[in-house]
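Next come the chains, spelled out residue by residue.
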Amino acid sequence: MPPRSSKKALTLCLFQSLAGVLFGWSNSEGSGLFNMTSYQTRFGECDASGLCTLSTTRQSAITGLLSVGATIGAVGSGSIADRFGLRLTCLIFIFIYLIGAAIETSAMQTYGQICVARLLTGLGVGATSGLVPVFQAEAAPPRFRGLVTGSFQLCVTLGIWGVAITNWGMSSYAGDVSWRVPVGLQMAWAFLLLIGFVLSPESPRFLAKKGKWDHCRKNLANLRGVPIDHPDIETEMGEVREATLKDQEQGDASYLECFSTKDRILWRTMIGIFVQIGQQITGINFFFSYGVQFAQTAGIDNSYIFQIILASVNVLFSFPGILAVDRAGRRPVLLIGGALMFTGQIVVGSVSKAYPDNKIAGDVLIAFTCLFVASFASSWGPVAWVVCGETFPIRLSSLCVTLGTGANWLFNLIIAFAAPQIQSIIGTGICFVWAGCLALSFTFAYFCIPETKGMSIEEVDALYLSHCPAWKSNSFKASQASTQKLASEKAYARSTHREGEAGKASNQTSARTSAEGAMV
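Procedures and definitions
Residues numbered from 1 in each chain as written. Predicted model: local features only at pLDDT ≥ 70, side-chain atom pairs only at ≥ 80, totals over all residues. Heavy atoms only, no water. Helix = DSSP H or I, 4+ residues; strand = E, 2+ residues; numbered from the N terminus. Buried < 20%, exposed > 50% of the residue type's maximum accessible area, 1.4 Å probe, protein only. Contact = heavy atoms within 4.5 Å. Salt bridge = Lys/Arg side-chain N within 4 Å of Asp/Glu carboxyl O. 1 Å grid on protein atoms, 1.4 Å probe; cavity = no way out; pocket = protein on both sides within 12 Å on 5 of 7 lines; lining within 4 Å. Points joined across faces, edges and corners; volume = space filled by probe spheres on them. Nonpolar A, V, L, I, M, F, W, Y, C, P; charged D, E, K, R; others polar. Core = buried A, V, L, I, M, F, W, Y, C linked by side-chain atoms within 4.5 Å. Domains from an automatic or database assignment. Patch = residues over 30% accessible without salt bridge, like charges linked within 9 Å, V, L, I, M, F, W, Y side chains within 5 Å. Areas by Shrake-Rupley, 256 points an atom, 1.4 Å probe, with all protein chains shown as cover. Phe/Tyr/Trp six-rings, centres within 6.5 Å; stacked < 30°, edge-to-face > 60°. Lys NZ or Arg CZ within 6 Å of the ring centre and 35° of its normal. Axes fitted to C-alpha atoms, helices over the stretch in contact; angles between N-to-C directions. Parallel < 35°, antiparallel > 145°, perpendicular 65-115°, else oblique. Left-handed = near helix turned anticlockwise from the far one by under 90°.

Once that is clear, we can look at the overall build of the protein chain. Scanning the protein chain from terminus to terminus reveals 24 helices and two strands. Burial analysis of the protein chain (520 residues in total) assigns 52% to the buried set. Intrachain contacts of the protein chain at a sequence separation of at least 6 include 78% that bridge at least 24 residues.

This is how it looks when you write it as structure tokens:
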């Protein structure tokens, strides 16, 4: 059990992880909605016979506009938070999300209304997906920071799973209730998240940055559940003050610095951006955004059950991923996961093309799609965020991570618009496209992403400044330890030698003094 001083902060931080549910729910709800008759009738295009369908263009727009809003929200919310604080900024964007969700739930027959709603919900999702982990990292007790960060990623998978279950449950109902319930439920999660932030104090680090030291101390004590004069608060306030003054000496950080060649910052920024892009081009969000349509194309009878199976595997295998990243290391998890995902996509594409509408082939397709999802959930899913979060110096971390998050949503947007069009032309052959992208991601991980398991931020800085190749980085920490040990031994030897020389000189001086005394 965590000590009393950790309970409040842990409770609030875990409550804020509901932002992950919004992320997963909003990003995946369309997969089931697009197949519902009532939704097609209201927002699709109808022919002379009265048959209504939702074109791939409209599907792409509805899915993609969420990513447009999220990209803007992710990149733009950072500067707003620097000015008004993390708590207030999150409250503003959650309120925007609620407005968008209300518009989407109440939509009648106007396709444009859905588009505006998705743009607004995207703004909320993008901002909270970038700011909540930053708030959690600042507010959570250091020894529980990994647990809190992992809970956010887990909530993303729970959101995907929850919307898959809801879509399946409502698919048997006729009328508007079939789609209004899945869309409306996102307001419940957003409202709970809003309550969590209403009850949360402002980030102590933000208050320190603004010079509000008394308020900073009060909020820190509030989060830790102890009096403001508690020794632990004195210690942590000292750390906050030291870090704040150090940042102030260097001046305000800017996005321009993220592209500076000094200290290999540009190279590190590119790693943060490309690892997030690599996460998206695996094709994972295609299966959760258009999984029902893919299943129909592949000839699977119950496409909703297929979606539930994938979502369940995604949740289940998130746990070993969270554990493996600190035990096996970043590189092995990314490389093994990438190889398994590549295998899954090749088999799914080959089987679906060679044996369409074959039941045994359908079972093989489900099995290897599950292999792909399980491999993602335990590798590139969580580890891409870990790599992105620990690659940068503390002073630039929030800005560089924001760029990575923006790249993530930008490619989510590109895939949302392009994937349905590609699938309409080549069908399940789209799996070969994902396989090619996975080959690129694997190559990038091997040659560019170093091993940083167990390293402090200072050690990560030293690793990048050493220009050590990524594929040799696993031995960097050991070599550093050996170098330090050797330096210590040499320093000790020199010290011993100097002491010996000093002792010898002292003996010689004593001998001369004795001789001179005897002569006198």
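Turning our attention to the pattern of salt bridges. Enumeration according to the criterion identifies six salt bridges in this entry. Residue Glu45 pairs with Arg58 through a salt bridge whose shortest N-O separation is 3.9 Å. Placement of the pair is Glu45 in strand S1 (residues 45-46) and Arg58 in helix H5 (residues 56-84), with a sequence separation of 13 residues. Judged by relative accessible area, which is 41%, Glu45 ranks as partly exposed.

It is worth spelling out the environment of Thr41 at this point. Of note, Thr41 is situated in helix H4 (residues 37-43). Among the residues examined, Thr41 registers a relative accessible area of 42% and is labelled partly exposed. Residues in contact with Thr41, not counting those within four places in the same chain, are Cys46 and Cys52.

Now for empty space enclosed by the protein. Within the structure shown, the criterion is met by four cavities of 30 Å³ or more. A volume near 180 Å³ is recorded for the largest cavity. For the largest cavity, the lining is made up of 15 residues, of which Phe23, Gln153, Val156, Gln279 and Phe376 are closest to its centre. Elements that contribute at least two residues to the lining of the largest cavity include exactly helix H8 (145-170), helix H13 (265-280), helix H14 (284-289) and helix H20 (380-390). When the residues that make up the lining of the largest cavity are grouped by side-chain class, the tally is eight nonpolar, seven polar and no charged. If you add up the space inside the second largest cavity, you get close to 50 Å³. Along its surface, the second largest cavity is lined by eleven residues, and Ser28, Ser31, Ala164, Asn167 and Gln307 are the ones closest to its centre. Where the lining of the second largest cavity is concerned, the elements lending two or more residues are helix H3 (30-33), H8 and helix H16 (303-316).

A few words on the environment of Val387. By secondary structure assignment, the location of Val387 is in helix H20. In the structure, Val387 is positioned 66 residues away from Lys453 in sequence and 9.9 Å away in space, judged by C-alpha atoms. In contact with Val387, not counting residues within four places along its chain, are Ile271, Val275, Arg330, Leu334 and Ile449.

A word on the nonpolar core. If you look at the biggest cluster of nonpolar residues, it comprises 93 residues, and the most contacted ones within it are Phe197, Val275, Phe287, Phe294 and Ile449. If one sorts the elements of this core by residue count, helix H21 (residues 394-426) sits on top with nine residues. The residues that make up this core include at least three from each of domain 1 (1-200) and domain 3 (256-473). If we ignore the near neighbours within four places in the chain, the residues touching Phe197 are Gln16, Arg87, Cys90, Leu91, Ile94, Val132 and Phe135. In this structure, Met36, Phe43, Met170 and Val183 belong to the second largest nonpolar core, which totals 13 residues.

Even without being a glycine, Arg264 presents a positive backbone phi close to 55 degrees. Even without a glycine there, the phi angle at His467 is positive, about 60 degrees. Within the element layout of this structure, His467 appears in the loop between helix H23 (457-465) and helix H24 (476-519).

What follows deals with a nonpolar patch on the surface. A cluster of nonpolar residues, Phe15, Phe191, Leu192, Ile195, Val198 and Leu199, forms a patch on the protein surface that exposes about 510 Å² of accessible area. The biggest single contributor to the nonpolar patch is helix H9 (residues 177-198), with four residues. In this fold, Phe15 is placed in helix H1 (residues 4-16).

Inspection of every chain in the model, using the stated rule, returns ten aromatic pairs. What links up through ring pairs into an aromatic cluster is the set Phe34, Tyr39, Phe43 and Trp179. Over the face of the ring belonging to Trp213 we find Arg241, whose NZ or CZ atom lies 4.2 Å from the ring centre. The positively charged end of Arg331 is found above the aromatic ring belonging to Tyr446, 5.3 Å away from the centroid.

Our focus in this paragraph is the packing of H13 against helix H22 (residues 430-448). A pair of packed helices is captured by two measures, namely the crossing angle of their axes and the spacing between those axes. Interhelical geometry of H13 versus H22 gives an angle of 150 degrees and a closest axis separation of 10 Å. In terms of axis orientation, H13 runs roughly antiparallel to H22. Once H13 is placed against H22, the crossing between them reads as left-handed. In this structure, H13 contributes Trp267, Ile271, Phe274, Val275 and Gly278 to the contact, and H22 contributes Ser441, Phe444 and Cys448. Among the residues making up the contact of H13 with H22, the classes are represented as six nonpolar, two polar and no charged.

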